[in-house]
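# Coordinates in review
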Amino acid sequence: MSDYSTVEKKVSYGIGLQMGQQLAANPFDGVDLDALAQGIKDIFEGKELAVPHEELDAAFKEINERMTAKKAEQAKVAGAEGEAFLAENAKKDGITVTDSGLQYEILVQGEGETPSASSTVKTHYHGTLIDGSVFDSSVERGQPAEFPVGGVIAGWTEALQLMPVGSKYRLYIPHNLAYGERGAGAQIAPFSALVFEVELLEIVS
């Protein structure tokens, strides 16, 4: 194990972590960590570049094209899977489908007030992809979330205005009412349908 006892080594390691986090957030297939480290060393040591700038530019262009094509294919798959999932889900007992395409299931019907689009609310929620993978959960964090009803994805804004305080609904949200063609972060691909369990705890204002 390397010795990171000095401040300089700790900070150097920390910079490496930051670079690694940036690359891991948007990786490409075949990333070579040895070549990456060599590039850093060559710059610091003032060595002649192992790969000419013209070849580097061409390589970056090719990798970007590959990544764009891969994301487009992933989006196509996610969109088709989401549409098929929602079409089947709409047939199930207890599922309500609104005019916008939002689907919801009432798990607990509260008896409190219902928020408006201008309200701020406190909720507990658990968000998954259609395969059940969790991408965000205030329940798992053990800390309710507070936010304006009009400041979240469209599917949430619509659903919250249907929910009296004390209610718990399961929402099935098509991509156009969620994060659409952009997706969100590394976990939510473009055109992904999402599933949330939402408990409305309180209207804050």
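Quick note: structure is the one above.
Residues numbered from 1 in each chain as written. Predicted model: local features only at pLDDT ≥ 70, side-chain atom pairs only at ≥ 80, totals over all residues. Heavy atoms only, no water.

## Quick look at the packing of aromatic side chains
Tallying each qualifying case throughout the model produces eight aromatic pairs. Where Phe85 meets Tyr172, the ring centres are 6.2 Å apart and the plane angle is 45°; that geometry is what we call tilted. Of this pair, Phe85 sits in helix 3 (residues 53-89) while Tyr172 sits in strand 6 (residues 168-173), and the two are 87 residues apart along the sequence. We classify Phe85 as partly exposed; its relative accessible area is 23%. When the centroid spacing of 5.4 Å and the interplanar angle of 85° are considered together, the rings of Tyr125 and Trp156 count as edge-to-face. Placement of the pair is Tyr125 in strand 3 (residues 120-129) and Trp156 in helix 5 (residues 154-160), with a sequence separation of 31 residues. Just as Tyr125 is buried, Trp156 falls in that class too. What links up through ring pairs into an aromatic cluster is the set Tyr125, Phe135, Phe147, Trp156 and Phe196. (Phe/Tyr/Trp six-rings, centres within 6.5 Å; stacked < 30°, edge-to-face > 60°. Helix = DSSP H or I, 4+ residues; strand = E, 2+ residues; numbered from the N terminus. Buried < 20%, exposed > 50% of the residue type's maximum accessible area, 1.4 Å probe, protein only.)

## Quick word on the pairing of strand 5 (residues 145-148)
Because side chains alternate across strand 5, one face comprises the buried residues Ala145 and Phe147, and the other comprises Glu146 and Pro148, none of which is buried. Alignment of strand 3 against strand 5, held across four bridges, turns out to be antiparallel. Note on strand 5: the bridge partner recorded for Thr123 is Ala145. (Pairing = 2+ DSSP bridges.)

## Examining the side chain of Thr98
Within the secondary structure layout, Thr98 lies in the loop between strand 1 (95-97) and strand 2 (103-108). Under the relative-accessibility criterion, Thr98 is labelled buried at 16%. A polar side-chain atom of Thr98 sits 2.8 Å from a polar atom in the side chain of Glu158. Residues within four places of Thr98 in sequence aside, it is in contact with Tyr104 and Glu158. (Polar contact = N/O pair within 3.5 Å; in protein donor to acceptor, adjacent residues only side chain to side chain. Contact = heavy atoms within 4.5 Å.)

## A word on the pattern of salt bridges
This model, assessed by the stated rule, comprises nine salt bridges. In this structure, Lys70 engages Asp29 in a salt bridge whose closest nitrogen and oxygen atoms are separated by 3.2 Å. With Lys70 in helix 3 and Asp29 in the loop between helix 1 (7-25) and helix 2 (33-45), the pair connects residues that are 41 residues apart, well separated along the chain. The exposure class of Lys70 is partly exposed, given its relative accessible area of 40%. The class of Asp29 is exposed, set by a relative accessible area of 58%. Here Glu62 ties to Arg66 by a salt bridge, and the two come within 2.6 Å at their closest N and O atoms. With Glu62 and Arg66 both in helix 3 and four residues apart, this pair spans about one turn of that helix. Looking at Glu62, the relative accessible area reads 42%, which means it is partly exposed. Salt bridges here are not isolated pairs; linked through shared partners, they connect Glu105, Lys168, Arg170 and Glu197. (Salt bridge = Lys/Arg side-chain N within 4 Å of Asp/Glu carboxyl O.)

By themselves, these are just geometric observations and shouldn't be taken as functional.
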